[in-house]
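Notes for the structure review
Here's the letter readout for the chains.
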Amino acid sequence: MKRSEVKHLLTEGKVGTEVLVKAWVRTKRGSKNVSFIALNDGSTINNIQVVVDMETADEAVLNRISTGACIAVKGKLVESQGSGQKIEIEATDVEVLGEANPDEYPLQPKKHSLEFLREIAHLRFRTNTFSAITRIRHAMIFGIHEFFNNKGFYNIHTPIITGSDAEGAGETFKVTNFELDDIPKTVEGEVDFKSDFFGKETNLTVSGQLEGELAAMAMGKIYTFGPTFRAENSNTTRHLAEFWMIEPEVAFADLNENMDLGEDLLKYLINYALENCADDLAFLDARLVEEEKNKKAEERSPMALIEKLKFVGENDFERVTYTDAINILRNSKPNKKKKFNYLIDGWGADLQSEHERFLVEKHFKKPVILYNYPKDIKSFYMRQNDDEKTVGAMDILFPGIGEIVGGSQREERMEKLEQRMTEMNVPKDELWWYLDSRKFGTAPHSGFGLGFERLVLFVTGMANIRDVIPFPRTPKNAEF
Ligand code: 4AD
Ligand code: MG
């Protein structure tokens, strides 16, 4: 007999049919006469209930079944007597595929803290919360490819091992196959990268952008979707050392079109989740309502999860220049009352997440796209504006998250680009191939990076980025 998936049975199962289910036990309860087992196989947030008649059942088999065990059940689909489910399985045959000793199995049918679950990340897929997040994460991956494919973009694989530091922030993980206690040195006493595996200094990529630009200068519209790595020592609820980024790059697009694309993508994905992940979102929505009860009134979010997603999916984002944002922040209550950790006193300051969140959550009360930032706080490749002070950068800021997208129109003019590289000490000789894109057939173009985990954080309503990637990598943490 072929196994049926729980999702299929719950939505399309016909009463009276014989079925086989293989799944993990969430709970088992019952009496001398009858045993109820709730089973989940990952196909849906919902469990299927198995009813075992103890008069005919093999008690020795039943005794081996507890929360976490994996079992195979044959039986008949019947209308459920109890409330909470329409159908259930009347078991005729139960087989234990794998036991889970209740004295050792760490997951019990009760609420565990997210902190505890992080310590057992190898098992947390088996909770409702993480299986819901995992399915939503999957749906978002699918939605991203669908969005770009529908628009005629090509997906490009950019290298994971690279010789460049695209963002110029120097926060890279080195890639080498030197023996760490015996690193070859040159006569000058410097590391002899020529004798390393690639014959040059290499690191894990921080962004696929530079290579993505090369592809866009031939293919027109491309996007990358790959892992990126940053050795920044930020122990926050928004930073990972290994995260996934979506980076579209579009030839002939200016900054406005770049903002349009970013806004369209985010709305598409939010609506995609609302359409395709209704059960999981309903579960997470209810979970969040419970969580909020433990918070102080002023810390509670003004909207429930699904309400918030609908709001963002339906309303236009606010577009504000950096200069206007600084004026708003300078005159804001928390700035005047010195409530910000970093006070805003003048033009040119880099915005911290407290400022971004003030603009989004308190001032505009909707997503905000900030654009035209001071050139000194942005990367060398951004297009210089005529005011000679700002560049055509844009960041999209989301409630509860802060920056979710960072992008820009690119500097396509060779002279201006070279001048900026010199000013910012970006090695021109190493990036000769990048400069060639300006030397041969250059064209205006724009792109951005969407942090995938920040997107999943927003869509699931979770509070910590460590809970939306299966195996988070953060400072001092690379278990599993
Ligand atoms: O703003 P960032 O650094 O931009 C770039 O890397 C550009 N090269 C993108 C481009 O124009 N093609 O990063 C882009 C996004 C951020 O807005 C944020 O959502 C996410 O990546 N991000 C992180 N997410 C998790 N952990 C981190 N440490 C992150 N750093 C950036
Ligand atoms: Mg950024």
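About the cut-offs
Residues numbered from 1 in each chain as written. Chains lettered and ligands numbered in written order. Predicted model: local features only at pLDDT ≥ 70, side-chain atom pairs only at ≥ 80, totals over all residues. Heavy atoms only, no water. Near = heavy atom within 4 Å. Polar contact = N/O pair within 3.5 Å; in protein donor to acceptor, adjacent residues only side chain to side chain. Areas by Shrake-Rupley, 256 points an atom, 1.4 Å probe, with all protein chains shown as cover. Helix = DSSP H or I, 4+ residues; strand = E, 2+ residues; numbered from the N terminus. Buried < 20%, exposed > 50% of the residue type's maximum accessible area, 1.4 Å probe, protein only. Pairing = 2+ DSSP bridges. Domains from an automatic or database assignment. Contact = heavy atoms within 4.5 Å. Buried area = accessible area lost by both parts, 1.4 Å probe.

A few words now on the site of ligand 1. Taken together, 24 residues are adjacent to ligand 1, and E167, Q209, E247, E403 and I404 come closest. For ligand 1, an oxygen atom lies 2.6 Å from a polar atom in the side chain of E403. Protein chains shield 93% of the accessible area of ligand 1, which is 630 Å² for the free molecule. Of all the secondary structure elements, the ones that give two or more residues to the shell around ligand 1 are β11 (242-251), β15 (402-409) and β16 (445-451). Sorting elements by how many residues they give to the shell around ligand 1 places β15 first, with five residues.

Across the seven residues that make up strand β2 (residues 34-40), a large majority, five, are buried. Following strand β1 (residues 18-30), the chain reverses through three residues before pairing antiparallel with β2. As judged from the six bridges shared by β2 and strand β3 (residues 48-53), these two strands associate in the antiparallel manner. Bridged to S35 within β3 is V52.

The subject of this paragraph is the sheet that holds strand β7 (residues 161-162). Consider a sheet: its strands pair through backbone hydrogen bonds, and that pairing is either parallel or antiparallel. Spatially, three strands are ordered β7-β9-β8 in an open sheet, and the strand pairing comes out antiparallel. Two strands close off the open sheet at either side, each with one partner strand: β7 and β8 (174-175). Both β7 and strand β9 (residues 202-204) contribute to a ladder of two bridges, which runs antiparallel. Directly across from I161, in β9, lies its bridge partner L204.

With that settled, the discussion passes to the domain arrangement of the chain. Domains assigned within the chain are domain 1 (6-105) and domain 2 (126-171 + 206-317 + 366-467). For domain 1 and domain 2, the distance between their C-alpha centroids amounts to 43 Å. Listed as interface residues are nine residues of domain 1 and, on the opposing side, nine residues of domain 2. At the boundary of domain 1 with domain 2, total buried surface from both sides reaches about 690 Å², with 40% on carbon and sulfur atoms.

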